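Commentary on secondary and tertiary structure
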Amino acid sequence: MHVKDLAHLSVRISNSTSTHFTAFLLTGVPGLEDFQIWISIPFSFMYLLAVIGNGLVMAVVAWDRNLHEPMYLFLAMLALNDVFLCTVTVPKMLLIFWQGPSPSTFPACLTQMFFVHALFLSESAVLLAMAFDRYVAICAPLHYATLLTGSLISKVGLALVARSVAVVTPGVLLILRLHFCRSNVIHHTYCENMGIAKLACNNISLNSIYGLTAALLTTGLDFVLISLSYCLILRTVFQLPSREARTKAFGTCGAHICVILIFYTLAFFSFFTHRFGNHVPRHVLIILANLYLLVPPTMNPIVYGVKTKEIRMRVLGLCNQPK
């Protein structure tokens, strides 16, 4: 069924001049409708890989008491967040790719928007916590055990959840104040803040300003602090007396640096092309918006599996257990 034939299913006329939307219609990747079934193949594979890979990471950290250390507990937090992050968007996206445009009720759309942005912020916060863990381990190793206690890690977990909720909730409230009187069709695979706001008939400057400010003061600030921590780490590493010590230090940080580069490169590229890439084709923007939510969860367990010996050996041991 064509998009315009479905659109009437999700609106309710309240008077002669305004329209109240009871649902939005997600259409997928505009301009690539005929190819979406093929696009779904790599996305399905990546999602499966992300769920299995991160599930294995969480399993080995949970079952092996020797891995109940700050570095691996933060890694388990990252894996859990990754599973949630891609699960919030990918199943709905695949449904659209397989069956065509899919309606999403207004509450469901806002719920998905909330979790997409909240989980993205918590992913960034976990990466910052992992950078702090590596900073203390390398720059202040004598204080590592006293600083990074189980109590502190629990508080960090609660703090990153609280920060995500506190930052994203005003964005949802700003959406609720809008009046929608135009099309209810969202040319995207999932509901996100500005995608919904742009359908409103009243001014959305406040939504745009808040979204940009929140992104800069959270994800942007996280990236600055992570960069600063690694500058200090690298300075300390280069001052180590032996080559063996420097190699070991680089080895403990290598996986984390790879994960950071994957996450922030895709996120910033997608963010800036959406806001300033006026000549970038819409289908490219939508593909990017999906990749920056799916590639990091897919790559993170692979990177840590390759770079972290303890995780690699335990995953192999888990897979090779006799039936």
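Quick caveat, the model's predicted, so the values are computed rather than measured.

Overview of the pattern of salt bridges
Following the criterion strictly, the structure yields two salt bridges and no others. Of the charged contacts in the structure, one is a salt bridge between Asp133 and Arg134, with a shortest N-O distance of 2.8 Å. On the basis of relative accessible area, Arg134 is assigned to the buried category, the value being 9%. Among the ionic pairs, Asp222 bridges to Arg163, the shortest N-O distance being 2.8 Å. Pair noted here: Asp222 is in helix 8 (residues 205–238) and Arg163 is in helix 6 (residues 150–176), with a separation of 59 residues, a long-range link. The exposure class of Asp222 is buried, given its relative accessible area of 2%. Residue classification places Arg163 among the partly exposed residues on the basis of a relative accessible area of 23%.

Focus: a nonpolar patch on the surface
Nonpolar side chains collect at one region of the surface, where Phe35, Ile37, Trp38, Ile41 and Trp98 lie side by side and expose about 610 Å² of accessible area between them. For the nonpolar patch, the leading source of residues is helix 2 (residues 36–63), giving three residues. Note that Ile41 resides in helix 2.

A short note on the UniProt feature "transmembrane region" (unreviewed entry) in the protein chain
Sequence positions flagged by UniProt for "transmembrane region" (unreviewed entry) are, in local numbering, residues 35–61, 73–98, 110–132, 144–166, 209–237, 249–272 and 284–306. Its end C-alpha atoms 40 Å apart, residues 35–61 is made of 96% helix and 0% strand. Taken end to end, residues 110–132 is 100% helix and 0% strand, and its first and last C-alpha atoms sit 33 Å apart.

What to know about the environment of Ile175
Its location among the elements puts Ile175 in helix 6. Take Ile175: its relative accessible area is 0%, and that puts it in the buried class. A sequence separation of 39 residues divides Ile175 from Val136, and the C-alpha atoms of the two residues are 41 Å apart. When near neighbours in sequence (up to four residues on either side) are disregarded, Ile175 contacts Phe106, Leu110, Met113, Phe180, Asn193, Ile196, Ala197 and Asn207.

Here we look at helix 6
For helix 6, with 27 residues, the first-to-last C-alpha span of 39 Å sits near the 39 Å given by 1.5 Å per residue. The set of residues buried in helix 6 consists of Ile153, Gly157, Leu160, Ser164, Val167, Val168, Gly171, Val172, Leu174 and Ile175. Elements that come into contact with the buried residues of helix 6 comprise helix 3 (70–99), helix 4 (106–139), helix 7 (193–197) and helix 8.

Concerning the nonpolar core
Nonpolar side chains tend to gather and get buried jointly when the protein is soluble and globular. Formed by 63 residues in total, the largest nonpolar core has its most connected members in Leu127, Met130 and Ile311. Contributions of two or more residues to this core are made by helix 2, helix 3, helix 4, helix 6, helix 8, helix 9 (243–276), helix 10 (282–307) and helix 11 (309–319). No other element matches the 13 residues that helix 3 contributes to this core. If we skip the residues at most four places from it in the chain, Ile311 touches Val60, Val61, Leu67, Tyr72, Leu75, Tyr304 and Gly305. Counting residues in hydrophobic clusters, the runner-up holds 24 residues, among them Phe24, Val167, Ala200 and Ala214.

Reading the values: rules and limits
- Residues numbered from 1 in each chain as written.
- Predicted model: local features only at pLDDT ≥ 70, side-chain atom pairs only at ≥ 80, totals over all residues.
- Heavy atoms only, no water.
- Salt bridge = Lys/Arg side-chain N within 4 Å of Asp/Glu carboxyl O.
- Buried < 20%, exposed > 50% of the residue type's maximum accessible area, 1.4 Å probe, protein only.
- Helix = DSSP H or I, 4+ residues; strand = E, 2+ residues; numbered from the N terminus.
- Patch = residues over 30% accessible without salt bridge, like charges linked within 9 Å, V, L, I, M, F, W, Y side chains within 5 Å.
- Areas by Shrake-Rupley, 256 points an atom, 1.4 Å probe, with all protein chains shown as cover.
- UniProt positions renumbered as here; feature names shortened; annotations may be inferred.
- Contact = heavy atoms within 4.5 Å.
- Expected span 1.5 Å × (residues − 1).
- Core = buried A, V, L, I, M, F, W, Y, C linked by side-chain atoms within 4.5 Å.

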